Amino acid sequence: MTDPQVALLMLGLFIVMVFLGFPIAFTLMAMGIGFGYYAYFDERRQWRAFNRLEEDAGWWDSASTYAEGLLNNRIFDLFINQTYTVMSNEVLTAVPLFLFMGYIVERANIVDRLFSTLNIASKNVPGSMGVAALITCALFATATGIVGAVVTLMGLLALPAMLKARYDKSFASGIICAGGTLGILIPPSIMLIVYAAASNVSIVRLYAAALLPGFTLVGLYLVYVTGRSILQPSAAPRPSEDEVPDVPGIKLLFMILTSFLPLAFLILAVLGSILFGLATPTEAASIGALGGIVLAIAYRAMKWQRLRESVYLTARTTAMVCWLFVGSYTFSSVFSYLGGEHVISEFVQGLDMSPIMFLLMAQVIIFLLGWPLEWSEIIIIFVPIFLPLLPLFEIDPLFFGILVALNLQTSFLTPPMAMSAYYLKGIAPPEVKLTQIFAGCMPFLICVFISMALMYIFPNIVFYLPNLMYGS
Amino acid sequence: MIKFIRFADALSAWFGKAFAWLIILMAAGTGYEVFVRYVLNSPTAWALDVSFILYGTLFMMAGAYTLSRGGHVRGDFLYRLWQPKNQAKIDLVLYFLFFFPGVSAMIVSGWKYAERSWRYGEVSVNSPAGVPVFQFKTVIVVAGVLLFIQGIAQVMRCIHCMRTNEWLEAEEDVFETEDLLMAQHAEAEKDAHP
């Protein structure tokens, strides 16, 4: 077997192994080392010390020298070097800080204030409760970036309120699932940091590039929610007086000042300092975390137990993401050493595709991967397979990254592993069926596809901000 | 056997949690750097090195803790449909096939790597501050050893599960919001419709 064939075998075997459900970080690590042992095998290295042994060396000396020879393979140095590369990665240092900020903000008792304020503020808009729920989700998701928390908290808060106001069940569920998922897209999102670490695109440019597409998607969602409410008023009836009370303007203003504004300010401060080059993402994230603590104290939500939870969960989630990187760095460097990248790019070139066909194919594959897998696995393991192909078709990795980020919104909404839908089902009243939730998500999926098409037709939505701020 | 599982869980959790608190240091340290840069106009030379040392230590030391609590991501859309005892059989094989070789390599070659670094008291090349990194490289070995111990416990978990068809969960004191809320909801449902 030639080396590139071994590389393909390695990839194929890995995909089979993923389906066995073993923690992927360790699967990657072991397969990287195993195939790497083959790839870097050097007979001279193995026998060098053994051949130098005295004729009459004892069995222990011979055995241990032989064993040492077996372990004298460059893959082990490569593995440790790659591990250290992940450990000293400047981009990934922002991950635990953003996670920590998210866990703190999530526990700051902020979401109910936000929802009731927006509910009153948007009272005269068609589908007012849906709009309020969507905006609450978007804002809260942007600040926390933790999809499950947003969906369950909002599911307990906004879903019963909407159902009580006789909203259509699947319409209401779709709003919460789709809104809660926005946190992985709108900056400062952790997914984009992970993409930056996987692709070497500047994280600052990625954040700038993701802003307008993020707003476009939220805009499309809002158009759908208000549009459907106008066309089909029975799906989103106007709430009655006792469901959403009228409050005098000055009180509403005060409510906005104490709920909407602090959170919006925190997000803008973090994002602004990154985009205007005042701070690195890591520094901005630490400011965000400190700001989150201040916010939690101001809302009298800062308890010892909550701080402990935030600290421990941050460590666990960071470990989950970064150990995946440890595995995949080793795996992918062995894969490309064996010539796997090359053989794939030759194969793709042989297909004689146009750039648009390639882009479509890549996005369809990523969409399909999103059915069974989660975003972290897709970005860290599968997206890097596409990255070396981008220059062949003159596609900017920045542009590709934004399309992927939009696309992965769907991975939370499509069965069989629609995490958002399962979280919502987990806390929804029993009369809300899983199929109704899926049905409610479908229109939002279409919004995602429309937004991707818009990016392709008007690439300036992606490039305008980064080029404006940092030149092209 | 159960005793050893509990011991390993507690050990991993102790290390994972102790080093988890580095996040506070990290936020404060990096915040301090921003403060002295803009307010006092005298940036530190060590902030960058310190932030990645804290980050790297944090996630490496949490590896075993995360493993014990089932936090490492799995491609589990088939796995979750199987009987626990079948899950355990597959896991058991894969722990020996994948986990122990990888983690052993991490300990052995990590040791050589760290030893070399200790010998000449290696410092970071990123800044003139000369922040030492040899202790940081030792983290690889420690993380590997913790994972190895936890791995033995996981193997015992698999054996236990093959006998009882039920996973022995680690003791848990912190929960993701969504898990907590879903558990509460399930509990309330059960009470409402006994």
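Structure first, text after, so check above.
Since we're looking at a predicted model, the values are computed, not measured. (Residues numbered from 1 in each chain as written. Chains lettered and ligands numbered in written order. Predicted model: local features only at pLDDT ≥ 70, side-chain atom pairs only at ≥ 80, totals over all residues. Heavy atoms only, no water.)

*Asks:* Is there a simple way to explain the overall build of chain B in this structure?
*Replies:* Of regular secondary structure, chain B possesses seven helices and zero strands. Along the chain direction, N to C, the helices and strands of chain B fall in the order α-α-α-α-α-α-α. Expected size for 194 residues packed as a compact globule is a radius of gyration near 16 Å; at 21 Å, chain B overshoots this value by more than 25%. Overall, chain B is about 65 × 45 × 30 Å in size when its C-alpha atoms are taken along their principal axes. (Helix = DSSP H or I, 4+ residues; strand = E, 2+ residues; numbered from the N terminus. Rg over C-alpha atoms; globule rule 2.2 N^0.38 Å.)

*Asks:* I would appreciate a short explanation of the pattern of salt bridges in the present structure.
*Replies:* Pairing between side chains of opposite charge can happen when their charged atoms approach one another. Scanning the model with the defined rule gives 13 salt bridges over all chains in all. A salt bridge links Arg37 of chain B to Glu283 of chain A; the nearest nitrogen and oxygen atoms lie 2.9 Å apart. Highlighted residues: Arg37 of chain B in helix H2 (residues 22-38) and Glu283 of chain A in helix H14 (residues 281-298), drawn from two different chains. What makes Glu283 of chain A buried here is its relative accessible area of 8%. Of the charged contacts in the structure, one is a salt bridge between Glu172 of chain B and Arg316 of chain A, with a shortest N-O distance of 3.2 Å. Placement of the pair is Glu172 of chain B in the loop between helix H6 (134-164) and helix H7 (177-192) and Arg316 of chain A in helix H15 (residues 304-337), with the two residues belonging to separate chains. Residue classification places Glu172 of chain B among the partly exposed residues on the basis of a relative accessible area of 31%. Owing to a relative accessible area of 12%, Arg316 of chain A belongs among the buried residues under this scheme. (Salt bridge = Lys/Arg side-chain N within 4 Å of Asp/Glu carboxyl O. Buried < 20%, exposed > 50% of the residue type's maximum accessible area, 1.4 Å probe, protein only.)

*Asks:* What am I meant to see in the interface of chain B and chain A here?
*Replies:* The extent of an interface is frequently quoted as the accessible surface area lost upon association of the parts. With 68 residues of chain B at the interface, the matching set in chain A holds 77 residues. At the boundary of chain B with chain A, total buried surface from both sides reaches about 6,500 Å², with 74% on carbon and sulfur atoms. Scanning the region where chain B abuts chain A turns up two salt bridges. One can count 16 residue pairs in polar contact (both at pLDDT 80 or more) joining chain B with chain A. For the side of chain B that touches chain A, the secondary structure elements donating two or more residues are helix H1 (2-20), H2, helix H3 (47-61), helix H4 (63-68), helix H5 (84-119), H6 and H7 of chain B. Sorting elements by how many residues they give to the side of chain B that touches chain A places H5 of chain B first, with twelve residues. In the side of chain B that touches chain A, the residues fall into 40 nonpolar, 14 polar and 14 charged. (Contact = heavy atoms within 4.5 Å. Buried area = accessible area lost by both parts, 1.4 Å probe. Polar contact = N/O pair within 3.5 Å; in protein donor to acceptor, adjacent residues only side chain to side chain. Nonpolar A, V, L, I, M, F, W, Y, C, P; charged D, E, K, R; others polar.)

*Asks:* What exactly am I supposed to notice about unusual backbone geometry here?
*Replies:* The general pattern is negative phi for most residues beyond glycine and trans for most peptide bonds. Residues and elements named next belong to chain A. Residue Pro187 is joined to Pro188 through a cis peptide bond whose omega torsion reads -5°. Note on placement: Pro188 falls in the loop between helix H10 (169-181) and helix H11 (190-199). Its identity is not glycine, yet Arg300 carries a phi of approximately 55°, on the positive side. In this structure, Arg300 sits in the loop between H14 and H15.

*Asks:* Mind showing me how you'd approach the side chain of Thr65 of chain A here?
*Replies:* Locating Thr65 of chain A in the fold gives a position in helix H4 (residues 59-71). In this view, Thr65 of chain A contacts Ala49, Phe50 and Leu53 of chain A; residues no more than four positions away in its chain are not counted.

*Asks:* Honestly, the environment of Gly440 of chain A in this entry has me stumped. Any pointers?
*Replies:* Residue and element names in this part refer to chain A. When you line up the elements, Gly440 lands in helix H21 (residues 434-457). A residue is classified by how much of its surface remains accessible, and Gly440, at 5% relative accessible area, is buried. C-alpha of Gly440 to C-alpha of Ile176: the two residues are 264 residues apart in sequence and 9.6 Å apart in space. Beyond its immediate stretch of four places on either side in the chain, Gly440 contacts Ser170 and Gly174.

*Asks:* It is not clear to me how the environment of Arg166 of chain A should be interpreted in this structure. Could you clarify?
*Replies:* All names here are of chain A. By the element assignment, Arg166 lies in the loop between helix H9 (147-164) and H10. Arg166 sits 71 residues away from Pro237 along the chain, and the two C-alpha atoms are 6.6 Å apart. In contact with Arg166, other than residues within four places in its own chain, are Ser234, Ala235, Pro237, Arg238 and Glu243.

*Asks:* For this particular structure, what's the right way to read the environment of Ile190 of chain A?
*Replies:* Residue and element names in this part refer to chain A. With respect to the helices and strands, Ile190 occurs in helix H11. C-alpha of Ile190 to C-alpha of Thr144: the two residues are 46 residues apart in sequence and 9.7 Å apart in space. Here Ile190 is in contact with Val95, Phe98, Leu99 and Trp375, once residues within four sequence places are set aside.

*Asks:* Before we go on, may I ask you to explain the state of the cysteines in this structure?
*Replies:* All names here are of chain A. Here the structure, examined in full by the defined rule, presents zero disulfides over all chains. Sulfur of Cys441: no disulfide; nearest cysteine sulfur belongs to Cys177 and is 4.1 Å away. The thiol sulfur of Cys447 is not disulfide-bonded, and the nearest other cysteine sulfur, from Cys441, lies at 12 Å. (Disulfide = S-S within 2.5 Å.)

*Asks:* Mind showing me how you'd approach the packing of helix H7 (residues 111-121) of chain A against helix H13 (residues 249-275) of chain A here?
*Replies:* The geometry of a pair of packed helices is captured by two quantities: the angle between their axes and the separation between those axes. All names here are of chain A. Running from amino to carboxyl end, H7 crosses H13 at an angle of 130°, the nearest separation of the two axes being 9 Å. Viewed along their axes, H7 and H13 adopt a mutual orientation that is oblique. Between H7 and H13 lies a crossing of left-handed hand. Taking contact as the criterion, the partners of Arg113, Leu114, Ser116, Thr117, Leu118, Ile120 and Ala121 in H7 are, on H13, Leu252, Met255, Ile256, Ser259, Phe260 and Leu263. Residue classes in the contact of H7 with H13 are distributed as nine nonpolar, three polar and one charged. (Axes fitted to C-alpha atoms, helices over the stretch in contact; angles between N-to-C directions. Parallel < 35°, antiparallel > 145°, perpendicular 65-115°, else oblique. Left-handed = near helix turned anticlockwise from the far one by under 90°.)

*Asks:* When you look at the packing of aromatic side chains in this model, what are you seeing that I'm missing?
*Replies:* Between two aromatic rings, the relevant description is the distance of the centres plus the angle of the planes. Residues and elements named next belong to chain B. Applying the stated rule across the entire model yields 37 aromatic pairs over all chains. The interplanar angle of 40° and the centroid separation of 5.3 Å between the aromatic rings of Tyr55 and Phe59 together place this pair among those described as tilted. A residue pair is termed a helical-turn pair when its members lie 3 or 4 positions apart in one helix, as Tyr55 and Phe59 do in helix H3 at four residues. Here the two residues Tyr55 and Phe59 agree in accessibility, since each one is buried. Arranged with centres 5.3 Å apart and planes meeting at 70°, the rings of Tyr95 and Phe99 form a pair that is edge-to-face. A residue pair is termed a helical-turn pair when its members lie 3 or 4 positions apart in one helix, as Tyr95 and Phe99 do in helix H5 at four residues. (Phe/Tyr/Trp six-rings, centres within 6.5 Å; stacked < 30°, edge-to-face > 60°.)

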